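The residues making up each chain are set out below.
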Amino acid sequence: MHPNEAMDELMTCRLDQARKAVGPCTLVIFGASGDLTARKLIPALYHLSKDGQMPADFRIVGFARRAKSAAEWRAELREALTAYSRSQPVDEAVWETFAQRVDYCEGDLTDPTAYVKLAGVIGAFPTPELRQNLLFYLATSPSQFSVVAEQLHVAQLLHRDGHGYWQRLVIEKPFGHDLETARELNHELTRFAHEQQVFRIDHYLGKETVQNILTFRFANSIFERLWNRDAVDHIQITVSEKIGVGSRGGYYEESGALRDMLQNHLMQVLALVTMEPPVSLDAEPIRDEKVKLLSSVRRLQPGQVADHVVRGQYCEGFVSGEAQAAYRDELKVNPQSDVETFVAVKLFIDNWRWAGVPIYLRTGKAMPLSASEVRVQFKPTPNVLFAAQCGPLLDANALTLRLQPDEGISLRFTGKVPGVGYGLRPVRMNFSYDSEFGAYTPEAYERLLLDAIAGDATLFIRRDEVEQAWEIADSIRAGWDARPLDPHEFYPAGNWGPHLADTLLTQSGRAWREPRNP
Ligand code: BG6
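J.: Is there a simple way to explain the state of the cysteines in this structure?
T.: By definition, a disulfide links the sulfur atoms of two cysteines through a covalent bond. Taken as a whole and assessed by the stated rule, the structure comprises 0 disulfides. The cysteine C105 is free of any disulfide, with C25 supplying the nearest cysteine sulfur at 18 Å. Assessed through its relative accessible area of 1%, C105 is described here as buried.

J.: What am I meant to see in helix α9 (residues 208–218) here?
T.: In an α-helix, one full turn covers 3.6 residues, which means residues spaced three or four apart are oriented alike. For α9, the full list of buried residues reads T209, V210, Q211, I213, L214, F216 and R217. In the core, the buried residues of α9 are packed alongside α10 (249–274), α11 (283–296), β14 (398–404), β15 (408–417), α14 (433–437) and α15 (444–454).

J.: Hey, could you run me through the packing of helix α2 (residues 35–50) against helix α3 (residues 70–84) in this one?
T.: How two helices pack is summed up by the angle between their axes together with the distance between the axes. It is at 9 Å that the axes of α2 and α3 come closest, and there the two elements cross at 90°. As the angle between them shows, α2 and α3 are arranged roughly perpendicular. Of the residues in α3, those in contact with T37, A38, R39, I42, P43 and Y46 of α2 are W73, L77, A80, L81 and Y84. A class-by-class count of the residues in the contact of α2 with α3 yields 9 nonpolar, 1 polar and 1 charged.

J.: Whenever I open this one, the site of the ligand confuses me. Can you help?
T.: The environment of the ligand is formed by K173, H203, Y204, K207, E241, R248, Y251, D260, M261, H265, K365 and Q404. In the model, an oxygen atom of the ligand is placed 2.8 Å from a nitrogen or oxygen of the H203 side chain. One nitrogen or oxygen atom from the side chain of Q404 is found 2.7 Å from an oxygen atom belonging to the ligand. Considered on its own, the ligand offers 400 Å² of accessible surface; in the complex 78% of this is hidden by protein. Here the shell around the ligand gets 4 residues from one element, more than from any other, and that element is α10.

J.: Whenever I open this one, the sheet that holds strand β7 (residues 232–240) confuses me. Can you help?
T.: In sheet architecture, strand pairing relies on hydrogen bonds along the backbone and comes in two forms, parallel and antiparallel. If you trace the 9 strands from one edge of the open sheet to the other, you get β16-β15-β14-β13-β7-β12-β11-β8-β18, paired in mixed fashion. One side of each edge strand has no neighbouring strand; the edge strands of this open sheet are β16 (423–432) and β18 (490–492). Each neighbouring strand pair of the sheet contributes to a mean axis angle of 20°, computed without reference to strand direction. As paired strands, strand β11 (residues 342–347) and strand β12 (residues 359–364) are joined by 6 bridges and run antiparallel to one another. The residue bridging K346 from the neighbouring strand is Y360, located in β12. Packed on one face of the sheet, α9 meets β14 and β15 and runs near 145° to β14. Sitting on the sheet, α10 is in contact with β7, β11, β12, β13 (371–378) and β14, with an inclination near 140° to β12.

J.: What exactly am I supposed to notice about the pairing of strand β2 (residues 58–64) here?
T.: Each regular strand displays side chains that alternate between the two surfaces of the sheet. Counting buried positions along β2 gives 7 out of 7 residues, so the element sits mostly inside the fold. Along β2, one buried face is formed by F58, I60, G62 and A64 and the opposite face, lined by R59, V61 and F63, is buried too. In terms of strand pairing, strand β1 (residues 25–30) meets β2 through 6 bridges, oriented parallel. Considered in β2, the bridge of V28 is made with V61. In this fold, the crossover linking β1 to β2 by way of α2 has right-handed handedness. As defined by bridge partners, β2 adjoins strand β3 (residues 102–106) across 5 bridges and the pair is classed as parallel. By the bridge assignment, V61 is partnered in β3 with D103.

J.: Explanation requested: a nonpolar patch on the surface in the structure shown.
T.: Taken together, the side chains of V384, L385, F386 and Y422 define a hydrophobic patch exposed on the protein surface, amounting to about 480 Å² of accessible area. With respect to the secondary-structure elements, Y422 resides in the loop between β15 and β16. Taking relative accessible area as the criterion, Y422 reaches 61% and is therefore assigned exposed.

J.: Would you mind showing me how to read unusual backbone geometry here?
T.: Trans is the prevailing form of peptide bonds, just as negative phi is the prevailing case for residues other than glycine. Here the amide bond leading from Q88 into P89 is cis, since omega sits at -5°, within 30 degrees of zero. Residue placement: P89 occurs in the loop between α3 and α4 (92–99). Cis geometry marks the peptide bond from Q404 to P405, where omega comes out at -15°. Structurally, P405 is set in the loop between β14 and β15. The backbone phi angle of L385 is positive, close to 50°, even though this residue is not glycine. Notably, D406 is not glycine yet its phi reads approximately 50°, a positive angle. Its place among the elements puts D406 in the loop between β14 and β15.

J.: I'm lost on the packing of aromatic side chains in this one. Help?
T.: For any pair of aromatic rings, the description rests on two quantities: the centre-to-centre distance and the angle between the ring planes. If you walk through the whole model with that rule in mind, you get 19 aromatic pairs. Geometrically, the ring pair formed by W73 and Y104 is tilted, given 5.8 Å between the ring centres and 45° between the ring planes. Of this pair, W73 sits in helix α3 while Y104 sits in strand β3, and the two are 31 residues apart along the sequence. Y104 carries the same exposure label as W73, and that label is buried. With 5.9 Å between their ring centres and 75° between their planes, Y314 and Y327 make a pair best called edge-to-face.

J.: Sorry if this is basic, but what is going on with helix α16 (residues 463–480) here?
T.: A rise of 1.5 Å per residue sets the reference length of α16, with its 18 residues, at 26 Å; its end C-alpha atoms lie 26 Å apart and thus fit the reference within 8%. Looking at α16, one finds that the buried residues are E465, V466, E467, Q468, A469, W470, I472, A473, S475, I476 and W480. After α16 finishes, the residue D481 shows a positive phi value of roughly 45°.

J.: What is the right way to read the packing of α10 against α16 from this model?
T.: Packing of α10 against α16 brings their axes to within 10 Å, and their N-to-C directions diverge by 140°. With respect to each other, α10 and α16 are oriented oblique. Here α10 runs over α16; the crossing is right-handed. For the pair formed by α10 and α16, the contact residues are S255, L258, R259, L262, Q263, M267 and Q268 on the first element and E465, V466, A469, W470, I472, A473, I476, R477 and W480 on the second. Of the residues that constitute the contact of α10 with α16, the class distribution is 10 nonpolar, 3 polar and 3 charged.

J.: How do you make sense of the nonpolar core when you look at a structure like this?
T.: Most often, soluble globular proteins keep nonpolar side chains buried together rather than apart. Membership of the largest hydrophobic core comes to 150 residues, with the highest contact counts inside it found for F30, L118, F136 and L152. The element best represented in this core is α10, accounting for 12 residues. Apart from the residues lying within four places of it in its own chain, the contact partners of F30 are F63, L109, Y115, L118, F136, Y137, L138, A139, T140, V148 and L152.

Parameters and conventions
In this numbering scheme, every chain counts its residues from 1 along its sequence in written order. Whole-chain, interface and lining totals are the exception, using all residues; otherwise, since this is a predicted model, local features are given only for residues with pLDDT of at least 70 and side-chain atom pairs are given and counted only at 80 or more. Working from all heavy atoms in the structure, the side-chain values ignore hydrogens and water. Note on disulfides: each one is a pair of cysteine sulfur atoms within 2.5 Å. Throughout this description, buried means an accessible area under 20% of the type-specific maximum (1.4 Å probe, protein chains only), exposed means over 50%, and partly exposed covers the range between. Each helix is a run of DSSP H or I of at least 4 residues and each strand a run of E of at least 2, with the numbering of both proceeding from the N terminus. Note on contacts: a residue pair qualifies if any of its non-hydrogen atoms lie within 4.5 Å across the two residues. Only the contacting stretch of a helix is used when fitting its axis, a line to C-alpha atoms as for every element, and angles between N-to-C directions run 0 to 180 degrees. Each angle gets one of four labels, with under 35 degrees taken as roughly parallel, over 145 as roughly antiparallel, 65 to 115 as roughly perpendicular, and the rest as oblique. For this scheme, ten residues count as nonpolar: Ala, Val, Leu, Ile, Met, Phe, Trp, Tyr, Cys and Pro. Four count as charged, namely Asp, Glu, Lys and Arg, and the remainder, Gly too, count as polar. When we say a residue is near a molecule or strand, we mean one of its heavy atoms is within 4 Å of it. By the criterion applied in these results, polar contacts are pairs of N or O atoms within 3.5 Å in which, for protein atoms, one can donate a hydrogen and the other can accept it, and in which residues neighboring in sequence qualify only through two side-chain atoms. To be clear on the numbers: accessible area is Shrake-Rupley with a 1.4 Å probe, and residue cover counts the displayed protein chains and nothing else. When DSSP locates at least two bridges between a pair of strands, those strands are taken to pair. With its strands directed away from the observer, a crossover is right-handed exactly when the path from the first strand over the helix to the second travels clockwise. Only residues whose relative accessible area exceeds 30% and that form no salt bridge enter a patch; like-charged residues are grouped when within 9 Å of one another, and nonpolar side chains (Val, Leu, Ile, Met, Phe, Trp, Tyr) when within 5 Å. In the sections that follow, a salt bridge refers to a side-chain nitrogen of Lys or Arg positioned within 4 Å of a carboxyl oxygen of Asp or Glu. Two aromatic rings, drawn from Phe, Tyr or Trp (for Trp, its six-membered ring), form a pair once their centres lie within 6.5 Å of each other, and the interplanar angle then sorts them: stacked below 30 degrees, edge-to-face above 60, tilted otherwise. A helix's residues, less one, multiplied by 1.5 Å, set its expected span. Each helix crossing is assigned a hand: it is left-handed if the near helix lies turned anticlockwise from the far helix by less than a right angle, otherwise right-handed if that turn is clockwise. Joining through side-chain atoms within 4.5 Å is the link that ties buried Ala, Val, Leu, Ile, Met, Phe, Trp, Tyr and Cys residues into a set, and such a set is a nonpolar core.

Structural data, given as structure tokens:
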């Protein structure tokens, strides 16, 4: 290790214990036969066990309709680990100990007797903590969230007052389909559990680089003082994916890019990048600031949507040289579908800090690159000296937070090209997670599951956050008003959305920056 690195290690300031304080508990996974369980939840729980992060004692109970024994479910999970674990080969000793804690309960989500059976399985565990500290993970379709909560309540597994024990519900997006349905769902859930017992997952918040946004802003003094309308020209947030909708056509037809990505992941990143400093690092103050920020995002009137929002749908094309079918030809997609697979939005935040600064967000499928990043574009220098001579060739400073892949942060500034002549060009200062910290990147679900077990709600979405984000998304949808897509709203797969998305910026002399080109 380089002496500087050793010194940096000594200067690490820990805000928590290396190991979270988590007590014995039972995790019940509803939707145990599903994709999320195999791909994300079990690999995450296995890694937490491997790293010694799980409670000293815990049980996992899978709940699903398919008839199978606990041994059969364990065998399926073992295969899932081979397929999806981030570290290979699977450590057999860790797996053996893990597998002994895994049980299975067959049942229909709507059948009250299935919950009696579940209560029987849990009731047979040896300690009061394992029987009463319960984390219910609802990896089910959202239409079943309330029935599961209700049945758990009826079976006396979910209590609003735990009398020294705790029960929590973890739910996955989509939290509703629009503001109205989100409110209904929230209302339903709070009939059986307090808001503090409901943990809404947005897996973007579990990403290391997304968590680093607040550290970057509030643990450094030089950037935050530039983080406002005086210094910032505009902000771009891009979350692009090379993949099309693949086998998820059925789900996507109900959702589209606005509901699938913008309402949740992009709004969360936006909130973290632009919110005010919270009064402390606790969950509620951070969530209060996010809500405040989202409530100051200007709602678009239906007549303004055409000028502020561009939507698109991919038609056939090539992504990195591979043929990609048109969205309308994907499995379970209506051949006349008008669902958007791309959306770009120009937003304004009507608060003191950001008044007048455009914030551009875009997300899409079948794009040229898979990349998520935030770009803070600073204002140009005054038009004297270098700027006067170089004109538009003199680039303004920009700071890019690369959320994934090639995680890191870079600052772009102008430097002199070495030599006897006088040439200027953009150069970069680059921080890369990989070279600074090595390749360790825990999966978002590891962090989120551990936090849910520990009862730390900081990285989960509060009811009012969800509702604010839906208000913004709904205001956009209202402008589309069920209007079919125009021919110029289609883009060939492998492009950055329809050309109109460029116009959103070029009309004010700006341009999208291609990710990975800081
Ligand atoms: C999910 C969306 O929430 O996020 C998917 O439903 C999308 O459509 C995925 O592909 C992207 O997540 P990540 O972590 O791969 O950026």
